[in-house]
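# Structural description and commentary
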Amino acid sequence: MHKTEQKQRAAVVAEAMTWLNTPYHHQGNVKGAGADCAFLLIRVFHACGLLPDIDPRPYPMDWHLHRGEERYLRWVEEYARPVETPQPGDIVVYKFGRCISHGAIVIDWPTILHAYVGEGVVLTDAENTPRLQDRQVGFYSIWEK
């Protein structure tokens, strides 16, 4: 891994950690006030200079329960590519409902940071959390290999 990539990954992890304990708020994107899983990723990567300022709104809170269209995955794939083994700063996506509808930032696999309904932005052991088991779809990275 190149030194620039190492620094960028460390910056993503460090910025992500500053969002810890932010309350969950659908379509929220303000650190400390409220965020959802989509805007958490957007704001972290944008703060590190790795993504443009994207605004995927509007999206209803239950969009993933009624449609099979891969809206969430489509924007992830616009900026990231699939990888087999996650590294710090990569993204992990999950299927809830009929399609991929949840994402998290890998801190140090299996530790992830994500915004979850009813919990806010939290650190989670992705391999030992029942609500995430059997929902993981894959890993994505913004860095080229």
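Residues numbered from 1 in each chain as written. Predicted model: local features only at pLDDT ≥ 70, side-chain atom pairs only at ≥ 80, totals over all residues. Heavy atoms only, no water.

### Remarks on the overall build of the protein chain
As a reminder of what qualifies: Helix and strand definitions follow DSSP, with helices as H or I runs of at least four residues and strands as E runs of at least two, each counted in order from the N terminus. Our radius of gyration is a C-alpha quantity, and the globule rule it is checked against amounts to 2.2 Å times the number of residues to the power 0.38. Buried residues are those whose accessible area, probed at 1.4 Å on protein chains only, stays under 20% of the maximum for their type, while exposed residues exceed 50% and partly exposed ones sit between those limits. We call two residues contacting when some pair of their heavy atoms lies within 4.5 Å. Note on areas: these come from Shrake-Rupley sampling with a 1.4 Å probe, and a residue is covered only by the protein chains present in the view.
Along the backbone of the protein chain there are 4 helices and 8 strands. Sequence-ordered secondary structure for the protein chain, helices as α and strands as β, is α-β-β-α-α-α-β-β-β-β-β-β. For the protein chain, the C-alpha radius of gyration of 14 Å lies close to 15 Å, the compact-globule estimate for 145 residues. Summarising its shape, the C-alpha atoms of the protein chain cover approximately 45 × 30 × 30 Å along the three principal directions. Buried positions account for 46% of the 145 residues belonging to the protein chain. The long-range fraction of contacts in the protein chain, counting pairs at least 24 apart against all pairs at least 6 apart in sequence, stands at 56%. Working note: accessible area of the protein chain is about 7400 Å², and carbon and sulfur atoms make up 50% of it.

### Overview of unusual backbone geometry
Cis geometry marks the peptide bond from Trp-109 to Pro-110, where omega comes out at 15°. Within the secondary structure layout, Pro-110 lies in the loop between strand S5 (99-108) and strand S6 (111-116). Even without being a glycine, Asn-21 presents a positive backbone phi close to 75°. Here Asn-21 lies in the loop between helix H1 (3-17) and strand S1 (29-30). Positive phi outside glycine occurs at Asp-134, with the angle close to 65°.

### Quick notes on the sheet that holds strand S4 (residues 91-96)
The criterion, for reference: Each pair of strands is called paired provided DSSP finds at least two bridges between the two strands. Orientation is described by lines fitted to C-alpha atoms, with helices fitted over the stretch in contact, and by angles between N-to-C directions that extend from 0 to 180 degrees.
Within the open sheet, the 6 strands sit side by side as S3-S8-S4-S5-S6-S7. Their pairing is antiparallel. Where the open sheet ends on each side, the last strands, each with one partner, are strand S3 (81-83) and strand S7 (120-125). Sheet twist, expressed as the average angle between the axes of neighbouring strands with direction ignored, equals 40°. Of the strands in this sheet, S4, S5, S6 and S7 are in contact with helix H2 (residues 37-47), which crosses S5 at around 45°.

### Overview of the packing of aromatic side chains
Here is the rule we go by: Each pair of aromatic rings taken from Phe, Tyr and Trp, with Trp reduced to its six-membered ring, is defined by centres within 6.5 Å and is described as stacked if the planes are under 30 degrees apart, edge-to-face if over 60, and tilted in the remaining cases. Two conditions define a charge sitting above a ring: the NZ of Lys or the CZ of Arg must be within 6 Å of the ring centre, and it must be within 35 degrees of the ring normal.
Taken as a whole and judged by the stated rule, the model has 3 aromatic pairs. Their ring planes at 50° and their centres at 5.6 Å tell us that Tyr-72 and Trp-75 sit as a pair that is tilted. Taken together, the residues Tyr-72 and Trp-75, both in helix H4 (residues 71-79) and 3 residues apart, mark about one turn of the helix. Just as Tyr-72 is buried, Trp-75 falls in that class too. The cationic tip of Arg-131 hangs over the ring face of Tyr-116; the distance from NZ or CZ to the ring centre is 4.2 Å.

### Section: the environment of Gln-87
Checked against the element boundaries, Gln-87 lands in the loop between S3 and S4. Note on Gln-87: relative accessible area 24%, which makes it partly exposed. It is 7.1 Å that separates the C-alpha atoms of Gln-87 and Trp-109, two residues lying 22 residues apart in sequence. Look past the residues within four positions of Gln-87 in its chain and what remains in contact with it is Met-1, Arg-9 and Val-106.

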